[in-house]
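Listed here are the chains, written in short residue letters.
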Amino acid sequence: MSGQEPVSDVVIALRQAFELLRDDPAQAQRRALEILKTHPAEKNARLLAAMAARRQGSVDEAVQSLDGLVEDEPGFAPAFEELGLALMAGGRWEDAETALESALALDDRLAGAWKALGDVRIEQGDESAGHEAYLKQLSLTAHNPTVARAGEALRRGKLAEAEQLCREHLKQHPTDVSAIRLLADVGIRVGRLDDAEKLLLRCLELAPDFHMARHNYANLLFKKFRYEDALHELDTLIAAEPHRPTHLLLKASILARVQEPTQAIDIYRQVLKLYPSQPRTQLSLGHVLKTVGQQADAVRAYREATTLAPSLGEAYWSLANLKTFEFEDAEIEGMQKVLAEGPRSVEDLFHLSFALGKALEDRGRYDESFAHYLRGNAARRRTVRWNADEHSSNLQQSADFFSASFLSSQGPVGDPSDSPIFIVGLPRAGSTLLEQILASHSLVEGTMELPDIISMARRLSGKKSREDTSEYPHILASLSAGELAALGREYLERTQVHRSGTPYFIDKMPNNFAHVGLIHAILPNAKIIDARRHPMACCFSAFKQLFASGQNFSYSLQEVGRYYADYVKFMEHWDRVLPGHVLRVNYENVVADTEAETRRLLAHCGLAFEPQCLEFYRTARDVRTASSEQVRQPIYRKSVEQWRHYENHLGSLKEALGGLYS
């Protein structure tokens, strides 16, 4: 017998070494290295040594070893999987995604690789693809074939099939937490958030350590604007998994929403210290820095994101969205190169197109700029749902319901508080400027575009799916004075999280114009301001703006023009039935005579004039909208006639506006 160790002995030694990995990775690594002394080409020993190095925090060592292993063994799927995990530990998310995809191309039964791929995709901001990977993992790990089939159905978007399979399984196995979580996922996707919440609570009752379910629950609470409850769940998760970036990043997102930007910034920087090569975390950090007015730091964060991921369109758009920022030649060339080569996703396509539109507009190259705006809008329009006929019909139904006779017969109802000030209208109409002027007053606090009125209207509609008939606004006729007052109190309580104690606060959600009737019914003493701007300037400014969410009407010149016309018609209704209740403030008038319009604005709100309202740009506060940098300067006059540079391209907009264009 030769001196070489028999293969069976190597297998036994490897098995024993792998058993040490969880509790004593240092010892496991020593055993692996001992095996490699006599068997240097043993791929499983090389894999084990790298796994042990990663678990001890030696990420660079692990990556270097695994790079060599996958080069020598290009068909060894577990090596690519481990390489992906090591690259994740080093924050190299794009490289990790590539490695994991390579592993799964070799063996698509690697459940751990699917789980890791889901984590990577979510860290990079692609929640849909991330959840698809998680569902693939579930279909591989589910102990019951019915649950596995349900997971696969959900991954393919067959929601009804997934729901039916889950319900059938749960009749026989009511405590299967995987099936319960899967059914909750279906509920979230179809908008049945209350049902999903009950299911996730049941999951956690049965399995308190089911961290994925708890993270889903925290995310659901975030979607339902229950920020304090979501933060409580995340604190529980972070105590159990203190360095898991998904928990930390969700917490930072919520803190930014509840006006705790300093804490959010600290968390983003903590994550970047652990995972320095994470472009989307740099992006999120930049957003919060922009909100608090630290523009130079925001620019550095956004530029770092473009360095880490040169094709990441959202980073370039974030720079453009500062409005006062101008791109350097090299940055413009970089964007043009990515577009010429073909972006990785439609999201990168429209982000880059909008950013290039702004960059070329700043250079006075208006025809080229418009071509990019047009391309970006067309790409974005394909990703959103908008029905102009349905919107027009909804506004007309609301106007018909809130007739002068109905309002006069209703009498004094609702909560008597006069603390809310609503600024409504269209986006890009100057509402942020009006908010900044008002928030400079000692008695007024600016919050943000609050979703609560729209959320309440959606709930009152009673709709469970898009096909259902809405009960809103007609349901308001069946509510008692006490019930309407309770809705007003609910709004005040829900928005308290955004306020710090001043007598008055501003809700500047522009789309609330469609709910003036609801606001008047539940908060009759609230002040309402209609921020109005020249129709061409307003509509084209919205067309140039890539919104993070909502405003789906804005990605077509015809549709944004029709939306503006419907809005004007609807607000004229309120002028007739509640004369003087809504104050109209034209942006062009504010620019032309700021003091006169400021005094008029304050008088409508019952506020004494304070000189600092004229120096609104000195007011230090968080501003989240696209105008954040503009309102930190004296009156911004540049945009009043900017649309005229593009006038020869705007024929369809003029046509949609009809008689409103002049």
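Preceding this paragraph is the structure being described.
Note that the structure is predicted; figures quoted are calculated from it, not measured.

A. Inspection of the overall build of the chain at higher detail. The helix and strand tally for the chain stands at 33 helices and five strands. Overall, the C-alpha framework of the chain stretches about 105 × 60 × 45 Å when taken along its three principal axes. Looking at the 662 residues of the chain, the share that counts as buried comes to 55%. When contacts within the chain are restricted to residue pairs at least 6 apart in sequence, those whose partners lie at least 24 apart make up 66%. As displayed, the chain has an accessible area near 28600 Å², and 49% of this comes from carbon and sulfur atoms. A distance of 2 Å separates the average location of the 77 positive side-chain charges in the chain from that of its 91 negative side-chain charges.

B. Representation of helix H19 (residues 313–320). The element H19 is extensively covered by neighbouring structure, given that seven of its eight residues are classed as buried. Among the residues of H19, those classed as buried are Gly-313, Ala-315, Tyr-316, Trp-317, Ser-318, Leu-319 and Ala-320.

C. Inspection of the sheet that holds strand E4 (residues 527–532) at higher detail. Overall, parallel pairing links the five strands, which are arranged E2-E3-E1-E4-E5 in an open sheet. Lying at the two open borders of the sheet, with one neighbouring strand each, are strand E2 (444–448) and strand E5 (582–586). The sheet shows a mean angle of 25 degrees between the axes of neighbouring strands, direction not considered. Pairing of strand E1 (residues 420–425) with strand E3 (residues 504–507), which is carried by three bridges, proceeds in the parallel orientation. Residue pairing across strands places Ile-421 opposite Ile-506, the latter belonging to E3. Across the sheet, helix H32 (residues 594–604) lies against E4 and E5, angled at about 165 degrees from E5, the strand it touches most.

D. Inspection of the packing of aromatic side chains at higher detail. Counted according to the given criterion, the structure contains 29 aromatic pairs. Both rings, one in Phe-540 and one in Tyr-646, keep their centres 4.7 Å apart while their planes meet at 45 degrees; by these two values the pair is tilted. Taken together, the residues span a long stretch of sequence, with Phe-540 in helix H29 (residues 535–543) and Tyr-646 in the loop between H32 and helix H33 (651–657) at a distance of 106 residues. One exposure class covers both Phe-540 and Tyr-646, and it is buried.

E. Seen up close, the pattern of salt bridges. Tallied over the entire structure, the rule returns 46 salt bridges. Note that Arg-121 is salt-bridged to Glu-97, the shortest N-O span being 3.4 Å. You can see Arg-121 sitting in helix H7 (residues 111–123) and its partner Glu-97 sitting in helix H6 (residues 93–106), a full 24 residues away along the chain. When the shortest N-O distance is used, the salt bridge between Glu-597 and Arg-600 registers 3.0 Å. Of the two residues, Glu-597 and Arg-600 are both situated in helix H32; the distance of three residues between them amounts to about one turn of the helix. Note on Glu-597: relative accessible area 12%, which makes it buried. Each member of the salt-bridge network shares a partner with another, and the members are Glu-94, Glu-97, Glu-101, Arg-121 and Arg-344.

F. Just the pairing of E1, in detail. Within E1, six of the six residues are buried, which leaves the element mostly enclosed by the surrounding structure. Here E1 shows no split at all, with Pro-420, Phe-422 and Val-424 on one side and Ile-421, Ile-423 and Gly-425 on the other all buried. Relative to E4, E1 runs parallel, the two sharing five bridges. Its bridge partner being in E4, Ile-423 is matched across the sheet by Ile-529.

G. Expanded view of the state of the cysteines. Tallied over the full model, the rule gives zero disulfides. A disulfide-free cysteine, Cys-538 has its sulfur positioned 5.4 Å from the sulfur of Cys-539, the nearest such atom. We note that Cys-613 lacks a disulfide partner, and the nearest cysteine sulfur, in Cys-605, lies 10 Å from it.

H. How the structure looks around helix H17 (residues 279–291). The end-to-end C-alpha distance of H17, which contains 13 residues, comes to 19 Å, matching closely the 18 Å that a straight helix rising 1.5 Å per residue would cover. Buried residues dominate H17, accounting for 10 of its 13 residues. Of all the residues in H17, the buried ones are Pro-279, Thr-281, Gln-282, Leu-283, Leu-285, Gly-286, Val-288, Leu-289, Lys-290 and Thr-291. At its buried positions, H17 is contacted by helix H15 (245–257), helix H16 (261–274), helix H18 (295–308) and H19. Immediately downstream of H17, the backbone of Gly-293 shows phi near 90 degrees, a positive value.

I. Region of the structure containing the pairing of E3. Side chains Tyr-504 and Ile-506 of E3 all project onto a buried face; the interleaved residues Phe-505 and Asp-507 project onto the opposite face, where all are buried too. Relative to E3, E2 runs parallel, the two being bridged by four bridges. Counterpart to Val-444 in the pairing with E3 is Tyr-504.

J. Looking closely at the environment of Trp-114. Tracing the sequence through the fold places Trp-114 in helix H7. Under the relative-accessibility criterion, Trp-114 is labelled buried at 14%. In this structure Trp-114 touches Leu-104, Asp-108, Ala-133, Lys-136, Gln-137 and Leu-140, once residues within four positions along its chain are discounted.

K. Region of the structure containing unusual backbone geometry. Of note, the amide linkage connecting Tyr-472 to Pro-473 takes the cis form, showing an omega dihedral of 5 degrees. Note that Pro-473 resides in the loop between helix H26 (452–461) and helix H27 (481–494). One non-glycine residue with positive phi stands out, namely Lys-323, at about 70 degrees. With respect to the secondary-structure elements, Lys-323 resides in the loop between H19 and helix H20 (329–341). Taking the relative accessible area as the measure of exposure, Lys-323 reaches 14% and is therefore buried.

L. Structural detail: the side chain of Asp-415. One can find Asp-415 in the loop between helix H24 (404–410) and E1. No salt bridge is formed by the buried Asp-415, whose closest oppositely charged neighbour, Arg-489, lies at an N-O distance of 4.3 Å. There is a polar contact of 2.9 Å between the side chain of Asp-415 and the backbone nitrogen of Ser-417. Residues in contact with Asp-415, not counting those within four places in the same chain, are Ala-485, Gly-488, Arg-489, Leu-492, Ile-522, Leu-523 and Pro-524.

M. Just the environment of Leu-248, in detail. Examined against the element boundaries, Leu-248 turns out to sit in helix H15. According to the relative accessible area criterion, Leu-248 is buried, its value standing at 4%. When the C-alpha atoms of Leu-248 and Asp-235 are compared, they prove to be 9.1 Å apart, with 13 residues separating the residues in sequence. Other than its neighbours up to four places away in sequence, Leu-248 contacts Ile-238, Pro-242, His-243, Ile-267, Gln-270 and Val-271.

N. Fine view of the packing of H29 against helix H30 (residues 557–577). Following both chains from N to C, one finds H29 and H30 inclined at 135 degrees, their axes separated by 10 Å at the closest point. Classified by the interaxial angle, the pair formed by H29 and H30 is oblique. Considering only the axes of H29 and H30, their crossing is right-handed. Along the contact surface, H29 presents Pro-535, Cys-538, Cys-539, Phe-540, Ala-542 and Phe-543, while H30 presents Leu-557, Val-560, Gly-561 and Tyr-564. For the contact of H29 with H30, a count of residues per class yields nine nonpolar, one polar and no charged.

The rules behind each value
- Residues numbered from 1 in each chain as written.
- Predicted model: local features only at pLDDT ≥ 70, side-chain atom pairs only at ≥ 80, totals over all residues.
- Heavy atoms only, no water.
- Helix = DSSP H or I, 4+ residues; strand = E, 2+ residues; numbered from the N terminus.
- Buried < 20%, exposed > 50% of the residue type's maximum accessible area, 1.4 Å probe, protein only.
- Contact = heavy atoms within 4.5 Å.
- Areas by Shrake-Rupley, 256 points an atom, 1.4 Å probe, with all protein chains shown as cover.
- Lys, Arg positive; Asp, Glu negative; His and termini not counted.
- Charge placed at Lys NZ, Arg CZ, Asp CG, Glu CD.
- Pairing = 2+ DSSP bridges.
- Axes fitted to C-alpha atoms, helices over the stretch in contact; angles between N-to-C directions.
- Phe/Tyr/Trp six-rings, centres within 6.5 Å; stacked < 30°, edge-to-face > 60°.
- Salt bridge = Lys/Arg side-chain N within 4 Å of Asp/Glu carboxyl O.
- Disulfide = S-S within 2.5 Å.
- Expected span 1.5 Å × (residues − 1).
- Polar contact = N/O pair within 3.5 Å; in protein donor to acceptor, adjacent residues only side chain to side chain.
- Parallel < 35°, antiparallel > 145°, perpendicular 65-115°, else oblique.
- Left-handed = near helix turned anticlockwise from the far one by under 90°.
- Nonpolar A, V, L, I, M, F, W, Y, C, P; charged D, E, K, R; others polar.

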